[in-house]
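Observations on the three-dimensional arrangement
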Amino acid sequence: MSPSPSLSIPPCYRSPGILLHAPRTRGPFPFLCSQSRSFSKDQGQTHNCKGLKFIRGKKQLKDLSTWGIGGPCNYFIQVFDQTQLVSAIRFCREHSIRFIVIGKGSNCLFDDVGFDGCVILNRIEFLEKKEPGIYRVGSGFRFNRLGVQCSNEGFTGLEFAGGIPGTVGGATYMNAGANGQETANAIRSVEFVTMDGKFLRFSRTDLVFGYRSSPFQVMEELAAIIAVTFELQHSGSAKRRQHEYMERRRMSQPVGEQTAGSVFRNPLDMGVAAAELIEKAGLKGFRVGGAMVSKMHANFFINCGGATSQDMLHLLAVVKEKVDQKFGVQLKEEIIYIHPEITDVDLNKDG
Ligand SMILES: Cc1cc2nc3c(=O)[nH]c(=O)nc-3n(C[C@H](O)[C@H](O)[C@H](O)COP(=O)(O)OP(=O)(O)OC[C@H]3O[C@@H](n4cnc5c(N)ncnc54)[C@H](O)[C@@H]3O)c2cc1C
């Protein structure tokens, strides 16, 4: 595998500025680690370590992402509890293997080349009801399911989560939101583990969230979010509202297609939705290879079958360029591109 950092990135995303601005470098984790150079070597073998089973070179990232895009990762492991997660991270660190923790991959664009490191699939899925309206939830718990359950139980704050196909950890990391609600507003505290194995709990007041942004996106010492405690208020109308939001989604979004939700953030300062700008630029249905701007919702890009990461990155670039030309607005990506050799490339930080 070529060590070039610009590997498989189209010209528009080739600026070294982007790659050097990766928000999380996983702390002391070396990017150019000799032991993870052997990309896809030992294909198909498993590596057992302290009861953990790592799959080598065989797991296709397209199977771990709602976009259905992405090649093989060098190591893959599923973790079902905190101890396994910490052991997997420790294994990676001891062997100088870069890693990424993912939930449902519903906000990630993986590369066709794959990922030269370890993908840790978070399956920490417990839910504890501490008091009425207080839920402590494993970071791998389905966010959609949590939103439906809390609303059905008569609590407001997470109605919007119904229909979001991510995990609690992913939603917290992204500060997912919709319909005027966002994850941060329902959080009481977040428990996470650091790169040097420390467990920390931060209460909501210690954490500064923004529109689709969380402090975890820039926290170098973060290894993984483990659990989140939500504090919700009683509401007799939460269930009805949750149903309404779901119905609105069904009517306005290409539910059932292979997408990653909204690709671009809304330019909040302009009071206009990214989808509206893309639509007004005449790009609904615009296609690059197997990637297409949805005809139903212009901020959803669909893998119509066989789309590559190159197709998707090119489509993103063309849409950005056309919207900029027509309206003078620089759209910023909401999705996260996982570079084959660098953990988490923030496409927004394009210098
Ligand atoms: C059909 C559809 C509809 C959507 N609708 C919405 C919407 O209404 N609003 C919205 O905001 N988003 C929406 N999304 C986007 C996406 O579902 C959310 O951003 C979701 O919260 C991502 O969760 P995930 O578990 O899939 O994260 P992933 O895509 O797996 O990961 C996203 C990022 O979070 C990090 N991460 C995940 N889990 C952890 C963890 N435990 N610890 C540390 N880091 C972690 C990953 O490393 C990665 O950088 C939609 C997506 C789809 C496909």
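Everything numeric here is computed off the predicted structure, so don't read it as measured data. (Residues numbered from 1 in each chain as written. Predicted model: local features only at pLDDT ≥ 70, side-chain atom pairs only at ≥ 80, totals over all residues.)

1. Some details on the site of the ligand
Put simply, the test is: Any residue whose C-beta atom, as set from the backbone, lies within 6 Å of a molecule or strand is reported as near that molecule or strand. The helix and strand labels rest on DSSP assignments: H or I over at least four residues marks a helix, E over at least two residues marks a strand, and numbering proceeds from the N terminus. Only Asp, Glu, Lys and Arg are considered charged, only Ala, Val, Leu, Ile, Met, Phe, Trp, Tyr, Cys and Pro nonpolar, and every remaining residue, Gly among them, polar.
Around the ligand sit 32 residues in total, of which Gly103, Gly166, Gly169, Gly170 and Gly261 are the nearest. Elements with a minimum of two residues in the shell around the ligand: β4 (99-102), α4 (168-174), β10 (177-178) and β14 (222-231). Residue contributions to the shell around the ligand peak at five residues, all from α4. Taken together, the residues of the shell around the ligand sort by class into 16 nonpolar, 14 polar and two charged.

2. As for the pairing of strand β7 (residues 127-131)
What counts is decided by this rule: Whether a residue is buried, exposed or partly exposed is read from the other C-beta atoms within 10 Å of its own C-beta, which are placed from the backbone; 20 or more gives buried, 12 or fewer gives exposed, and intermediate counts give partly exposed. Strands were regarded as paired on the criterion that DSSP finds at least two bridges between them.
Across the five residues that make up β7, only a small minority, zero, are buried. Relative to strand β8 (residues 134-138), β7 runs antiparallel, the two sharing four bridges. Bridge pairing in β8 links Glu128 to Arg136. Between β7 and the antiparallel strand that follows it, β8, lie two residues; Gly133 among them carries a positive phi value of about 85°.

3. A look at the sheet that holds strand β16 (residues 287-288)
Two modes of strand pairing occur in sheets, parallel and antiparallel, and in both the strands are linked by backbone hydrogen bonds. Here three strands make up an open sheet; going across it, the order is β16-β17-β18 and the pairing antiparallel. Sheet topology places β16 and β18 (301-303) at the edges, where each strand pairs with a single neighbour. One ladder, built from two bridges, connects β16 with strand β17 (residues 291-293); its direction is antiparallel. Paired with Arg287 across the two strands is Met292, which belongs to β17.

4. Here we look at the nonpolar core
Here is the rule: The term nonpolar core means buried Ala, Val, Leu, Ile, Met, Phe, Trp, Tyr and Cys residues held together as one set by C-beta atoms within 7 Å.
Counting residues in hydrophobic clusters, the biggest one holds 91 residues, and the most contacted among them are Leu109, Val119, Ile120, Ala224, Ile278, Phe301 and Met312. If you tally residues by element for this core, the top one is β14, at eight residues.

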